[in-house]
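Geometric and topological summary
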Amino acid sequence: MPLDEYDKIAHLLRRAGFTAHPDEVDVAAARGLQATVEDLLNFERFPDVPPDPEILAALDLPQSEFDQMRGNFLDKLTRWWLHAMVTTSRPLQEKMVLFWHGLFATSVAGLEFWQQIYLQNENFRGNFDPDTGQLLRPAPGNPFPVGNFRRMLEYLSKDPAMLYWLDNQFNVKKNSEVGSNENYARELHELFSMGVEDVVAKVPNYTERDIRQASRALTGWRVFPRATGFTFPRVFAFDPMRHDFGPYDHLGKRGGTNADFIFENIVRHRNPGQKQSAVGRFLGYRLFKFFGYEDPEPEVINALADVFDGANGEEPFNIRNMLRTIFTPGNLVSEAFYSERAFRAHVKSPTEYVVSLVRLLTFDRATGRPDGLSSSSNLMRLLRNGMIQMGQQLFAPPDVSGWREGLAWISTTSVLSRFNFANDLLAVPVAQGGIDVTRLIAQMGLQEAMQQRRYGDVVDLLARLLWQIPPSPDAREALITYLQAPSTGVRESDLVNVKIRGLIHLMLAVPDFQLS
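Inspection of every chain in the model, using the stated rule, returns 27 aromatic pairs. Ring centres of phenylalanine 288 and tyrosine 293 lie 4.9 Å apart, and the angle between their planes is 85 degrees; on these two criteria the pair is classed as edge-to-face. Relative accessible area serves as the criterion here: at 6%, tyrosine 293 is assigned to the buried category. For the cation-ring pair, lysine 8 lies above tyrosine 338, with the distance from its terminal atom to the ring centre recorded as 5.8 Å. For the cation-ring pair, lysine 499 lies above tyrosine 482, with the distance from its terminal atom to the ring centre recorded as 4.4 Å.

Below you can see the structure in the form of structure tokens.
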């Protein structure tokens, strides 16, 4: 059965963001689907998430002092980003920061200066200028997170964390065939822009010589070891003494004196006989897989690649245009996005699981906003351990290819970890950053429903909040049975709170909450 407009809006808010409280869905439904799409896409009209003063202060510490607290820095940074995803009024911006973090996967495990991973996170948000090392909100000219992909490749290649992570910091002129280090040049082609083969035509996108020639063009791209006013390397530097000025033979073209030649070739590259660019197809595939469903059809990929290429007069290489095509009804791609195949078929990553859980359970109906995550040390430890056990430690992907997604998130171990995390979070006292279940009970009218033994109403209300679909008859009956069961050793005054906490825990553990 085709989705009605309300279901489409709820689906959009789950996928283009991290979920929405039913109150927010109602507000969006009153505005309509098209207006909701435009609000998401034009997020600059809403306030950005403020930075954490403690994180900013840590950036100014002498390196010896920072090294003594780097683990605590990562905990604070993880908490802050999760809190930003929960509370942001720019959900698509934060969702795209998560997308780029997974695609351009960089880990603190390979960095000497962990502060650089925060700069990269802000770079992906559009708030970092690698040429000056400055954090600005926004940074003029920064194309992230939804601008020109050709420019993104430049900003990515200047990013301090990336330059160290894939060793281009140490890439210097060698000979007419290769620079001294081709690690970054390889991943730029293989993982970051086009992939080993065309995702539709299944033909090779480049040769080994293309990689070697690209490494020549990227020689001398590095970070100043020391820059005035900063305590760690964060300012991009082009060193002509280390650079090979070409010309280069790359993707069938000869010329260039710098990496600009390589970036331009990459975004415009088409394999023989192919109508769409290799990069357009690669990004079309990755974006639709991230927002829609696994294994999108070739016609969906090609339609998005046409948008990337500017085939119909659009600005080429523009990510926002590709997202608009996915989310705006009335075209082949959006028909797939709003299809029954896509509806509630996306397995939440651990990050999406945590953020959606916290967003819904800390939502204050009086203010219309979620509270988010406190900065208590107890909660930060819970987040760190929980995310690791669920299989996604932010800022520490398993390797440069990022995390495996979809059903790969689900195993007996990871599901148990999700179950335990929800239980542990619900057990944290409110004074230590825990969930205010008492407020949730009051704002949803659950106290009266429990006292009147309207257990079916309680289940239905929480299913609308957490699952956003009606429970199946069997699930509804099982949850009602849980509410009816006696609770030994619980004071009468605590009974409703204990029962509701237990019910929430059960509802967070089942597949209905694992899917968005």
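Next up on the list: unusual backbone geometry. Of note, the bond from phenylalanine 144 into proline 145 is cis; its omega dihedral lies within 30 degrees of zero at 0 degrees. Structurally, the position occupied by proline 145 is in the loop between strand E2 (134-135) and helix H9 (149-158). Cis geometry is adopted by the peptide bond preceding proline 247, which originates at glycine 246 and carries an omega value of 5 degrees. Within the secondary structure, proline 247 sits in the loop between strand E4 (236-238) and strand E5 (248-250). The backbone of lysine 202 sits at a positive phi, close to 60 degrees, despite the residue not being glycine.

Here we come to the pattern of salt bridges. Using the criterion set out here, one finds 40 salt bridges in the structure. In this structure, arginine 341 and glutamate 297 form a salt bridge, with 2.9 Å as the shortest nitrogen-oxygen distance. With arginine 341 in the loop between helix H17 (332-337) and helix H18 (350-361) and glutamate 297 in the loop between helix H14 (278-291) and helix H15 (298-309), this pair connects stretches of sequence that are 44 residues apart.

Taken residue by residue, helix H2 (residues 22-31) has Pro22, Glu24, Val25 and Ala28 as its buried positions. Down the axis of H2, the buried side of the element spans an arc of 155 degrees, and every buried residue falls inside it. Looking at H2, the residues exposed on the side facing more than 90 degrees away from the buried face are Val27 and Ala30. Remark: glycine 32 follows H2 within two positions and exhibits a positive phi of approximately 100 degrees.

Once that is clear, we can look at the nonpolar core. Among the nonpolar cores identified, the biggest contains 152 residues, and Trp100, Phe149, Leu323, Phe327 and Leu462 are the most heavily contacted of them. The greatest single-element share of this core, amounting to 9 residues, is contributed by helix H6 (residues 70-87). Taken domain by domain, the makeup of this core includes at least three residues from each of domain 1 (11-41 + 275-337) and domain 2 (352-514). Not counting residues up to four positions away in its chain, the partners in contact with tryptophan 100 are Ala105, Phe124, Phe144, Pro145, Phe149, Met152 and Ile319.

We now examine the packing of helix H21 (residues 437-444) against helix H25 (residues 495-509). The geometry of H21 relative to H25 is characterised by a closest axis approach of 10 Å and an angle of 90 degrees between their N-to-C directions. The angle between the axes of H21 and H25 places the two elements in the roughly perpendicular class. Within the contact between the two elements, H21 uses Val437, Thr438, Leu440 and Ile441 and H25 uses Val496, Asn497, Ile500, Arg501 and Ile504. Considered class by class, the residues forming the contact of H21 with H25 number 6 nonpolar, 2 polar and 1 charged.

On to the domain arrangement of the protein, then. One can read the domain layout of the protein as domain 1 (11-41 + 275-337) and domain 2 (352-514). A C-alpha centroid distance of 30 Å is found between domain 1 and domain 2. Both sides together, the interface formed by domain 1 and domain 2 hides about 1,200 Å², and carbon and sulfur atoms give 52% of it. Area buried by domain 1 at its contact with domain 2 is led by Phe18, Thr19 and His21, which between them contribute 39% of it.

For the rest of this paragraph, the subject is the packing of H6 against helix H8 (residues 115-125). Two elements in contact, H6 and H8, have axes separated by 10 Å at closest approach and are oriented at 15 degrees. Taken as axis vectors, H6 and H8 run roughly parallel relative to one another. Regarding H6 and H8, the two cross each other, and that crossing is left-handed. The residues of H8 that touch H6, namely those facing Phe73, Leu77, Trp80 and Trp81, are Gln115, Ile117, Tyr118, Asn121, Glu122 and Arg125. When its residues are assigned to classes, the contact of H6 with H8 shows 6 nonpolar, 2 polar and 2 charged.

Criteria and cut-off values
Residues numbered from 1 in each chain as written. Predicted model: local features only at pLDDT ≥ 70, side-chain atom pairs only at ≥ 80, totals over all residues. Heavy atoms only, no water. Phe/Tyr/Trp six-rings, centres within 6.5 Å; stacked < 30°, edge-to-face > 60°. Buried < 20%, exposed > 50% of the residue type's maximum accessible area, 1.4 Å probe, protein only. Lys NZ or Arg CZ within 6 Å of the ring centre and 35° of its normal. Helix = DSSP H or I, 4+ residues; strand = E, 2+ residues; numbered from the N terminus. Salt bridge = Lys/Arg side-chain N within 4 Å of Asp/Glu carboxyl O. Arc of directions from axis to C-beta. Core = buried A, V, L, I, M, F, W, Y, C linked by side-chain atoms within 4.5 Å. Domains from an automatic or database assignment. Contact = heavy atoms within 4.5 Å. Axes fitted to C-alpha atoms, helices over the stretch in contact; angles between N-to-C directions. Parallel < 35°, antiparallel > 145°, perpendicular 65-115°, else oblique. Nonpolar A, V, L, I, M, F, W, Y, C, P; charged D, E, K, R; others polar. Buried area = accessible area lost by both parts, 1.4 Å probe. Left-handed = near helix turned anticlockwise from the far one by under 90°.

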